[in-house]
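Commentary on secondary and tertiary structure
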Amino acid sequence: MKKTRLFAANWKMNKKASEIAPFVRELSQKISGIDGVEIAVAPIMAHLPLLAASLQGTSLRLAAQNAGPAASGAFTGEVSGSQLKEIGVTYALIGHSERRHVFHEGKELLAKRLTAALEAGLSVIYCVGETLQERKAGATRKVVEEQLELLKGRPTEALVVAYEPVWAIGTGENATPEQAEEVHGWIAEWLERQLKSSSIRILYGGSVKPDNAAGLMARKNVDGLLIGGASLEAQGFADIIRHGSKG
Ligand code: PGA
């Protein structure tokens, strides 16, 4: 089965409210004529309703950068899956390396986030990836497979995996297509073996730019891209989608 390519923008803690509508207008113009791909944008939580309004009438999907660990309750600072769903969110990122490494979100918390998001009916883009130290120690496969453990027993139709090597995020140093494909291959094998699924999309993320998108997307097990810095400009994001949607 051919997988629909997914290009997801992760804006992190960037952009002003006033930039949202112009971005969507420009992006929509620049990607007109590109069919058969899925595109999602993840702004800060506070901008989700604004982006939702701008996306009306487009086929672009709304994504959240995280999702709360329970349906409701005493979780100051969190937004639950059902609250995200209410605004029109389709995808939630869970386990992004900045959540794991900057905010020290561990296995237990991430498992709760996954459970709550999936129960709320969101699709999840679950991020995995090794640090430079782990790569140098030859531990990449082990680290990634340990992170994937949290997906056991989950509904496969709601899952997307994003491989984002920590050393490649925001550093300008992307993984080569060969490095990405090697890990994507391991992830695909793991998903097949443990979840009996060959339809889960595996995105690559980490310093994706217009000039490396096509090379990464040409690899067998790369089904889409998760883009940070280069997605902040509509032109750059559109170029990535255009280059990455061919072939
Ligand atoms: P980057 O970020 O494209 O700026 O490296 C990717 C990500 O963190 O999702």
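Residues numbered from 1 in each chain as written. Predicted model: local features only at pLDDT ≥ 70, side-chain atom pairs only at ≥ 80, totals over all residues. Heavy atoms only, no water.

1. Quick look at the overall build of the protein
Scanning the protein from N- to C-terminus turns up ten helices and eight strands. Computed over the C-alpha atoms, the radius of gyration of the protein is 17 Å, within 12% of the 18 Å expected from 2.2 N^0.38 for a compact globule of 247 residues. With the principal axes as the frame, the protein shows a C-alpha extent of 45 × 45 × 35 Å. Contacts in the protein between residues at least 24 apart in sequence constitute 73% of all its contacts with a sequence separation of at least 6. For the protein, the accessible area works out to roughly 11,200 Å², and carbon and sulfur atoms hold 51% of it. Computing the positive centroid from 29 side-chain charges and the negative centroid from 27, the protein places the two 2 Å apart. (Helix = DSSP H or I, 4+ residues; strand = E, 2+ residues; numbered from the N terminus. Rg over C-alpha atoms; globule rule 2.2 N^0.38 Å. Contact = heavy atoms within 4.5 Å. Areas by Shrake-Rupley, 256 points an atom, 1.4 Å probe, with all protein chains shown as cover. Lys, Arg positive; Asp, Glu negative; His and termini not counted. Charge placed at Lys NZ, Arg CZ, Asp CG, Glu CD.)

2. Some details on helix α2 (residues 48–55)
Residues of α2 that are buried: Leu-48, Leu-51, Ala-52 and Leu-55. Relative to the axis of α2, the buried residues are bounded by an arc of 105° and lie together on one face. Phi for Gly-57, located one or two positions after α2, is positive at around 85°. (Buried < 20%, exposed > 50% of the residue type's maximum accessible area, 1.4 Å probe, protein only. Arc of directions from axis to C-beta.)

3. Brief notes about empty space enclosed by the protein
Counted under the stated rule, the structure contains one cavity of 30 Å³ or more. In terms of lining, the largest cavity is formed by Ala-8, Ala-9, Ala-42, Ala-63, Ala-64, Tyr-91, Ala-92, Leu-93, Ile-125 and Leu-226. Elements that contribute at least two residues to the lining of the largest cavity include exactly β1 (5–10), β3 (61–64) and β4 (89–94). If you tally residues by element for the lining of the largest cavity, the top one is β4, at three residues. Considering only residue class, the lining of the largest cavity consists of ten nonpolar, no polar and no charged. (1 Å grid on protein atoms, 1.4 Å probe; cavity = no way out; pocket = protein on both sides within 12 Å on 5 of 7 lines; lining within 4 Å. Points joined across faces, edges and corners; volume = space filled by probe spheres on them. Nonpolar A, V, L, I, M, F, W, Y, C, P; charged D, E, K, R; others polar.)

4. Some points on unusual backbone geometry
Of note, the phi angle at Lys-196 is positive, near 55°, even though the residue is not glycine. Within the secondary structure layout, Lys-196 lies in the loop between α8 (177–195) and β7 (201–205). Owing to a relative accessible area of 67%, Lys-196 belongs among the exposed residues under this scheme. Its identity is not glycine, yet Ser-207 carries a phi of approximately 55°, on the positive side. Tracing the chain through its elements places Ser-207 in the loop between β7 and α9 (210–217).

5. A look at the site of the ligand
Residues in contact with the ligand amount to 13 residues; listed here are only the nearest, Lys-12, His-96, Glu-164, Gly-170 and Ser-207. Within the contact set of the ligand, an oxygen atom lies 3.5 Å away from a side-chain nitrogen or oxygen of Asn-10. A total of 280 Å² of accessible area belongs to the ligand in isolation, and the protein chains cover 95% of it. When grouped by side-chain class, the residues that make up the shell around the ligand number four nonpolar, seven polar and two charged. (Near = heavy atom within 4 Å. Polar contact = N/O pair within 3.5 Å; in protein donor to acceptor, adjacent residues only side chain to side chain.)

6. A short note on the pattern of salt bridges
As enumerated under the stated definition, the model contains 16 salt bridges in all. Between Arg-201 and Glu-38 there is a salt bridge whose closest N-O contact spans 2.7 Å. Placement of Arg-201 in strand β7 and of Glu-38 in strand β2 (residues 37–42) is noted, with a sequence separation of 163 residues between them. On the basis of relative accessible area, Glu-38 is assigned to the buried category, the value being 12%. Put simply, Glu-78, Arg-99, Glu-105 and Arg-113 are held in one network by salt bridges that share partners. (Salt bridge = Lys/Arg side-chain N within 4 Å of Asp/Glu carboxyl O.)

7. Notes on the sheet that holds β4
Pairing is parallel in the closed barrel, where eight strands are placed in the order β1-β2-β3-β4-β5-β6-β7-β8. Pairs of neighbouring strands in the sheet enclose a mean axial angle of 25°, with direction left out of account. (Pairing = 2+ DSSP bridges. Axes fitted to C-alpha atoms, helices over the stretch in contact; angles between N-to-C directions.)

8. Focus: the side chain of Ser-123
Within the secondary structure layout, Ser-123 lies in strand β5 (residues 123–128). The exposure class assigned to Ser-123 is buried, which follows from its relative accessible area of 17%. Leaving out residues up to four positions away in the same chain, Ser-123 has contacts with Thr-90, Tyr-91, Ala-92 and Ala-158.

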